[in-house]
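These are the residues of each chain, in order.
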Amino acid sequence: MSEDPRLETRRLARASLDRDDPTGWFENLYSAAAEGAAVVPWDRGTANPLLTEWFEASEPDGTGKTAIVVGAGTGWDAELVADRGYQTTAFDISPTAVETALRNHPGSKAHYVVADLLDQPAEWRHAFDLVVEIYTVQALPISLQPTAVPKVGELVGPGGTLVVIASARTEGQPDAEVEGPPWPLTRATIESFASAPDLRLIEINESPSPSDPTATRWRAEFLRD
Ligand SMILES: C[S@@+](CC[C@H](N)C(=O)[O-])C[C@H]1O[C@@H](n2cnc3c(N)ncnc32)[C@H](O)[C@@H]1O
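Parameters at a glance
- Residues numbered from 1 in each chain as written.
- Predicted model: local features only at pLDDT ≥ 70, side-chain atom pairs only at ≥ 80, totals over all residues.
- Heavy atoms only, no water.
- Domains from an automatic or database assignment.
- Contact = heavy atoms within 4.5 Å.
- Buried area = accessible area lost by both parts, 1.4 Å probe.
- Salt bridge = Lys/Arg side-chain N within 4 Å of Asp/Glu carboxyl O.
- Polar contact = N/O pair within 3.5 Å; in protein donor to acceptor, adjacent residues only side chain to side chain.
- Helix = DSSP H or I, 4+ residues; strand = E, 2+ residues; numbered from the N terminus.
- Nonpolar A, V, L, I, M, F, W, Y, C, P; charged D, E, K, R; others polar.
- Near = heavy atom within 4 Å.
- Areas by Shrake-Rupley, 256 points an atom, 1.4 Å probe, with all protein chains shown as cover.
- Axes fitted to C-alpha atoms, helices over the stretch in contact; angles between N-to-C directions.
- Parallel < 35°, antiparallel > 145°, perpendicular 65-115°, else oblique.
- Left-handed = near helix turned anticlockwise from the far one by under 90°.

Trainee: Quick question: what am I supposed to make of the domain arrangement of the protein chain here?
Mentor: How big an interface is tends to be stated in terms of accessible area lost as the parts join. Splitting the protein chain by domain gives domain 1 (1-41) and domain 2 (44-224). A straight line from the C-alpha centre of domain 1 to that of domain 2 covers 21 Å. With 12 residues of domain 1 at the interface, the matching set in domain 2 holds 18 residues. Taken over both partners, the interface formed by domain 1 and domain 2 buries close to 1,100 Å², and the fraction arising from carbon and sulfur atoms is 66%. Contact with domain 2 buries surface across domain 1, with R10, E27 and Y30 losing the most and accounting together for 44% of the total. Taken together, domain 1 and domain 2 are joined by zero salt bridges. At the junction of domain 1 with domain 2, the criterion picks out five residue pairs in polar contact (both at pLDDT 80 or more). For the side of domain 1 that touches domain 2, the elements supplying multiple residues, two or more each, are α1 (5-18) and α2 (24-34). The element that contributes the greatest number of residues to the side of domain 1 that touches domain 2 is α2, accounting for six residues. Here the residues of the side of domain 1 that touches domain 2 sort into seven nonpolar, two polar and three charged.

In structure tokens, the structure reads:
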């Protein structure tokens, strides 16, 4: 195993991108981690603090409502959402991520499934009262982000809320200079989650990253009429 898990992650990602397979490396990483040969760098063992903060401030009542967590990884955010009463679907493109989430959270109230954001089941369209997207779009190359962003928005049902949490790109940094993964999002990309006239940006915050004081993160909230 490489000393810095981010280096191993980059190596796997690079090999996958060189094969013109921008999402294949996630399964490679999760299966290497399941065998103890890698570490999943974003596996915090707890829900994202910005999501926890959003729940504390908004106090939504999930009873009788549905939620979906995009690129749910090892499931910590999905567990938080399910604990707030939402009937929660959590999906990831990596079968081993889904297996790991199920192993991490035995008896979970969330429903974990393997699915591709870019080719999602038709019945998910406009189906959820709450959609949570954390760090998935930024894990895709910049060229794929304009395709991925509206796919997230499509999940939001009438009257539903979308919460997006992402690393922020340094102001003015050109695409060519971003060496991903990840490929942090510009303010314009965050704003583009309002991908239909009835899906409106309600609030956008930029706050310092707890792991890197030189970096910042977005949390944005959208509402479908
Ligand atoms: C950087 S990780 C973030 C995981 C989790 N959201 C978190 O914040 O800890 C990105 C996740 O998105 C998943 N993913 C990437 N592309 C995807 C796609 N097209 N559809 C579904 N999941 C995807 C990856 O397998 C990975 O678990």
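Once the structure has been displayed, the description carries forward.
Trainee: Even after reading the chapter, I still don't get the site of the ligand, so can you show me in this structure?
Mentor: Residues in contact with the ligand amount to 18 residues; listed here are only the nearest, Y30, G71, D92, D116 and I134. Within the contact set of the ligand, a nitrogen atom lies 2.8 Å away from a backbone nitrogen or oxygen of G71. In the model, a nitrogen atom of the ligand is placed 3.2 Å from a nitrogen or oxygen of the I93 main chain. Within the complex, the protein chains bury 96% of what would otherwise be the 590 Å² of accessible surface of the ligand. Residue assignment for the shell around the ligand shows that the elements contributing at least two residues are α2 and β2 (87-92). A per-class count over the shell around the ligand returns 10 nonpolar, four polar and four charged. If you count residues domain by domain, the shell around the ligand takes at least three from each of domain 1 (1-41) and domain 2 (44-224).

Trainee: Can you walk me through the packing of helix α3 (residues 49-58) against helix α4 (residues 76-83) in this structure?
Mentor: What describes two packed helices is the angle between their axes and the distance between those same axes. Direction vectors running N to C along α3 and α4 enclose 10°, while the axes themselves pass 10 Å from each other. Here α3 is positioned roughly parallel relative to α4, judged by the angle of their axes. Considering the relative orientation of α3 and α4, their crossing is right-handed. Taking contact as the criterion, the partners of L51, T52 and F55 in α3 are, on α4, D77, L80 and V81. Grouping the constituent residues of the contact of α3 with α4 by class yields four nonpolar, one polar and one charged.

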